[in-house]
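# Per-entry structural report
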Amino acid sequence: MKTLREMLAEARRVVPEQGPAELKAQLDRGEALVLIDVRDPDEYRDGYIDPAVNISRGFLEFRVASAAADPNVPIVLYCQTGLRSVLAAKALKELGFTNVTNLAGGYQRWVQSGLPIAKDSPLNTDQIQRYSRHFLLGPIGEKGQRKLLGSKVLLIGAGGLGSPTAYYLAAAGVGTLGIMDGDRVDITNLQRQILHKTSDIGRPKVESATETIRALNPDVTVVPYPVRLTVDNVEEILKDYDLVIDGSDNFETRYLVNDACYLQGKTNVHGSIFQFEGMATVFAPDRGPCYRCLYPTPPPPGLVPS
Amino acid sequence: MIGLVQATEAIKLLVGFGEPLIGRLLTYDAIGMNFREVKLRRDPNCPLCGQNPRIKDLSIHMEGAGGQVCAVGDDGQGAPAASSAPAAKPGG
């Protein structure tokens with residue numbers, strides 16, 4: 001049986017090491033490398049070397065591909081003192097990653113060298129549990145969750161499209177959801193507009209939407225706008241949001257959302273449905289077409305049922 | 001279905017991963033249960049985002065701005081798509 005010391009010595013023979021100063025210089029030069037913190041999530045939360053992603057040792061082989069798709073990309077691993085990470089680096093080499101280095105002395109020596117650390121705003125215990133399934137998804141992770149919690153999305157319409165959109169964005173933990181709709185809940189809405197309940201009939205849609213969302217996820221701040229979007233209110237309202245989702249049911253609003261979003265440089269996630277058909281696209285200013293590229297003129301009145 | 005596509009796209013855009021539906025129109029037909037993707041191109045003559053934009057503010061939407069609030073005056077440059085009204089309408 002091998003001793004731990006022999007195992008570490010064996011790993012050190014095949015894994016090149018570098019010191020903190022060397023890593024710092026590489027990061028400062030903007031060199032393309034993937035920095036992975038293999039410590040446990042609670043250690044990472046207490047502070048890490050920016051821009052490291054956290055894939056703890058136990059999951060490394062399973063999730064490394066989400067951080068390093070190319071097996072030839074330079075990878076630097078670190079843990080607290082450099083021991084766990086040297087064993088981890090050996091495992092990655094055995095998996096076929098050709099350019100893996102270990103940070104000698106780990107996070108501890110990095111800190112002792114007076115180099116800067118990063119620390120994310122803490123998630124509370126409930127949030128860590130609530131979003132734990134997001135953390136397992138490489139492209140989202142805890143960092144992505146923090147972005148979502150800090151994001152502001154404006155939903156135009158709390159009807160057939162806005163209902164599922166609001167539900168899923170609220171569940172996912174989008175921190176601020178503006179919901180705009182000037183209508184009241186009608187019994188004919190209830191077969192598809194799942195934000196609203198039978199007892200909400202007659203209430204403003206934004207009111208029942210706010211209640212539903214708050215009950216689903218207290219992390220979400222709902223900003224209700226019980227009005228129709230108009231040329232007079234659109235600019236003032238839009239400017240506070242990172243992203244706009246158009247779930248409106250009329251062409252006037254769609255052109256208005258399109259124009260206002262373009263002029264303010266906001267991305268507009270567009271959707272529309274009619275009976276059994278629907279469509280969706282994203283209008284990102286100057287990265288692709290806008291609604292007017294698609295539909296230069298509105299259809300003549302009477303052509304489309306209202 | 002479409003609302004969920006919008007929610008997914010929003011999450012991707014906010015977090016910053018994946019391929020967003022920019023320049024692509026996803027269409028959905030529930031009866032045949034078909035999804036189709038249509039490539040969308042920018043219209044160089046677009047009155048908003050084209051090379052010589054005529055819409056520089058929202059005044060076109062103001063009441064009395066030439067009848068139809070969202071229509072742009074016909075200058076004969078409308079793309080062929082102008083004649084085909086959107087098949088999809090109310091979100092309702």
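Refer to the structure above for everything that follows.
### Points about the sheet that holds strand β6 (residues 152-156) of chain A
Within a beta sheet, neighbouring strands are joined by backbone hydrogen bonds and run either parallel or antiparallel to one another. Strand order in this open sheet of eight strands is β8(A)-β7(A)-β6(A)-β9(A)-β10(A)-β11(A)-β1(B)-β2(B), and the pairing throughout is mixed. Each edge of the open sheet carries a strand with a single partner, namely β8 (221-225) of chain A together with β2 (34-39) of chain B. Taking the axes of each pair of neighbouring strands and ignoring which way they run, one obtains an average angle of 15° across the sheet. The sheet contacts of helix α11 (residues 205-216) of chain A involve β7 (176-180) and β8 of chain A, and relative to β8(A) the element is tilted by about 175°. Each of β6, β9 (243-246), β10 (267-274) and β11 (277-283) of chain A is contacted by helix α13 (residues 251-264) of chain A, which is oriented at about 165° to β10(A), the strand it contacts most.

### Looking at the pattern of salt bridges
A full pass over the atoms with the stated rule returns 24 salt bridges over all chains. What you see here is one network of salt bridges that share partners, running through R45(A), D120(A), E142(A), K143(A) and R146(A).

### Let's talk about the pairing of β7(A)
All names here are of chain A. Across the five residues that make up β7, a large majority, five, are buried. The side-chain alternation of β7 yields two buried faces, one formed by T176, G178 and M180 and the other by L177 and I179. As for the winding sense of the linkage, the β-α-β connection from β6 through helix α10 (residues 162-172) to β7 is right-handed. Read from β7 through α11 to β8, the crossover connection turns out right-handed.

### Description of empty space enclosed by the protein
All names here are of chain A. One pass over the full model with this rule turns up one cavity of 30 Å³ or more. Taken as a whole, the largest cavity holds about 60 Å³ of empty space. In terms of residues, the lining of the largest cavity owes the most to one element, α13, which gives three residues. Broken down by class, the residue content of the lining of the largest cavity amounts to eight nonpolar, three polar and two charged.

### Some remarks on helix α1 (residues 2-15) of chain B
All names here are of chain B. Taking 1.5 Å of rise per residue, the 14 residues of α1 would be expected to cover 20 Å, and the 20 Å separating its terminal C-alpha atoms lies within 8% of that figure. In terms of burial, α1 is a largely internal element, eleven of the 14 residues being buried. Within α1, the full set of buried residues consists of I2, G3, V5, Q6, A7, E9, A10, I11, K12, L14 and V15. The positive-phi residue at the C-terminal boundary of α1 is G16, with phi of around 90°.

### Examining the interface of chain A and chain B
With 71 residues of chain A at the contact, the number on the chain B side is 57 residues. Regarding the contact of chain A and chain B, the summed buried area is about 5,500 Å², with carbon and sulfur atoms giving 72% of it. When the area that chain A buries against chain B is broken down by residue, the three leading residues are F276(A), A280(A) and R292(A), summing to 10%. At the boundary of chain A with chain B, the tally comes to one salt bridge. In this structure, the salt-bridge partner of D286(A) is R42(B), at a minimum N-O distance of 2.9 Å. Run the count over chain A and chain B and you get twelve residue pairs in polar contact (both at pLDDT 80 or more). Elements supplying a minimum of two residues to the side of chain A that touches chain B: α9 (141-149), α10, α12 (234-238), β9, α13, β10, β11 and α14 (291-294) of chain A. Per-element tally for the side of chain A that touches chain B: the top contributor is α13(A), with ten residues. As defined by bridge partners, β11(A) adjoins strand β1 (residues 24-29) of chain B across four bridges and the pair is classed as antiparallel. Residue pairing in the sheet places E277(A) in a bridge with D29(B) of β1(B).

Analysis parameters
Residues numbered from 1 in each chain as written. Chains lettered and ligands numbered in written order. Predicted model: local features only at pLDDT ≥ 70, side-chain atom pairs only at ≥ 80, totals over all residues. Heavy atoms only, no water. Pairing = 2+ DSSP bridges. Helix = DSSP H or I, 4+ residues; strand = E, 2+ residues; numbered from the N terminus. Axes fitted to C-alpha atoms, helices over the stretch in contact; angles between N-to-C directions. Contact = heavy atoms within 4.5 Å. Salt bridge = Lys/Arg side-chain N within 4 Å of Asp/Glu carboxyl O. Buried < 20%, exposed > 50% of the residue type's maximum accessible area, 1.4 Å probe, protein only. Right-handed = clockwise from strand over helix to strand, strands pointing away. 1 Å grid on protein atoms, 1.4 Å probe; cavity = no way out; pocket = protein on both sides within 12 Å on 5 of 7 lines; lining within 4 Å. Points joined across faces, edges and corners; volume = space filled by probe spheres on them. Nonpolar A, V, L, I, M, F, W, Y, C, P; charged D, E, K, R; others polar. Expected span 1.5 Å × (residues − 1). Buried area = accessible area lost by both parts, 1.4 Å probe. Polar contact = N/O pair within 3.5 Å; in protein donor to acceptor, adjacent residues only side chain to side chain.

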